[in-house]
Amino acid sequence: MKQDYINRDRIVTALSESGKIRFALIRNVKTVLTAQKRHNLEILPAFYLARALTAASLMASSLKGEERIILETISDGLINKIYAEAMQNGEVRGFVEFNRKEDISKSLQNTKDILGDGILRVSKILYNKGEPIVGIVELQKGDIVTDVSYYFAQSEQIPSAVILDVDFDEKGLISKSAGLLIQAMPGESIDKILAVHRQITKINSLSEIINSQPSLEKAFELLVPFPVKKLKSMQVDFFCRCSKDKFISKLMTLKPEEIIDMKKNNNNELVCQYCNEHYYLEEEDFNKILSIIIAKTN
Ligand SMILES: [Zn+2]
């Protein structure tokens, strides 16, 4: 049981004693491996999606309750879209869309081709705001790490350091995943900021540091050159709130002819783009949908 707890994917946030430097540290190998397996991704797209999901979790960690972050890249490379959505409560989901999937394994060498030119869009869905708060920056290196740092500097004017560490086993499955986000608020002494900077430039493998310690909390002692105050610890999971019922209620907004066509063509498979879950409509589902639509229109 104890071992189970230690091995859970988790994110821990902490503050410097002055409260002016914020730290978020995550280990999420199970979460991103679930994403890789659900979407049947090869190494390269899995690598990018894992980085995006980790970054989204780190960013969501400063929110409240079920507030969430959607981090998307939209670009003209082999991958044309990465979507990563993370709730403060630890739920994460996401997917990758390809321009030319067949070329993806050939281009390991040229990383600029993977995303190409495009944008990083960050949307925050917050309780007290009717509309999402959206920030858009141009992709810098298209490696997610540089792009997210650039977003913080440009869009939020917060100097930050981001480390995203993803690794694979010999079967091409994600074997390690961790991330660290450090943000300096105005008013922190430059000495402290430089001390943090010096310490993190020494980090070779974030996963190794984390795995060498009994907990994420302990890992902070190796990552930060001064004591930090823990804010919170949250379990992280790949989780999608889709369900067959939710799909069915969306279908109820269609016209009866459209449902009849779907049924006639045996078009009964519903696929969630976020988690790749497949749902199948049965005869009785079609009949139920039809009878409700017809009842509504009368
Ligand atoms: Zn889903």
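For clarity, every value in this text was computed on a predicted model and none was experimentally measured. (Residues numbered from 1 in each chain as written. Predicted model: local features only at pLDDT ≥ 70, side-chain atom pairs only at ≥ 80, totals over all residues.)

## Comments concerning the overall build of the protein chain
Helix and strand counts for the protein chain come out as eleven helices and 13 strands. Viewed in the frame of its principal axes, the protein chain has a C-alpha envelope of about 70 × 45 × 45 Å. Across the 298 residues in the protein chain, those meeting the buried criterion constitute 36%. Summarising the internal contacts of the protein chain: among those between residues at least 6 apart in sequence, 63% fall at separations of at least 24. (Helix = DSSP H or I, 4+ residues; strand = E, 2+ residues; numbered from the N terminus. Buried ≥ 20, exposed ≤ 12 C-beta atoms within 10 Å, placed from the backbone. Contact = placed C-beta atoms within 7 Å.)

## Some thoughts on the sheet that holds strand S5 (residues 91-98)
Read across the open sheet, the six strands follow the order S7-S6-S3-S4-S5-S11; overall the sheet is mixed. Edge positions in the sheet fall to strand S7 (133-138) and strand S11 (237-238), since each of these pairs with one other strand and no more. Along the sheet, helix H3 (residues 43-60) contacts strand S3 (68-75), strand S4 (79-87) and S5; its crossing angle with S4, the most-contacted strand, is approximately 35°. (Pairing = 2+ DSSP bridges. Axes fitted to C-alpha atoms, helices over the stretch in contact; angles between N-to-C directions.)

## Regarding the domain arrangement of the protein chain
Considered domain by domain, the protein chain is made up of domain 1 (2-238) and domain 2 (244-297). Averaged C-alpha coordinates put domain 1 and domain 2 at centres separated by 36 Å. Across the contact, five residues belong to domain 1 and four residues belong to domain 2. No other element matches the three residues that S5 contributes to the side of domain 1 that touches domain 2. Each residue belonging to the side of domain 1 that touches domain 2 can be placed in one class, and the counts come to one nonpolar, two polar and two charged. (Domains from an automatic or database assignment. Nonpolar A, V, L, I, M, F, W, Y, C, P; charged D, E, K, R; others polar.)

## Considering the sheet that holds strand S8 (residues 160-168)
Taken together, five strands build an open sheet; the order of strands is S8-S9-S2-S1-S10 and the sheet is antiparallel. Unpaired on one side and paired on the other, S8 and strand S10 (228-235) mark the two borders of the sheet. In this sheet, neighbouring strand axes are inclined to one another by 10° on average, regardless of whether the strands run parallel or antiparallel. In terms of strand pairing, strand S2 (residues 21-27) meets strand S9 (residues 174-184) through seven bridges, oriented antiparallel. Across the sheet, Phe23 pairs through a bridge with Ile182, a residue of S9.

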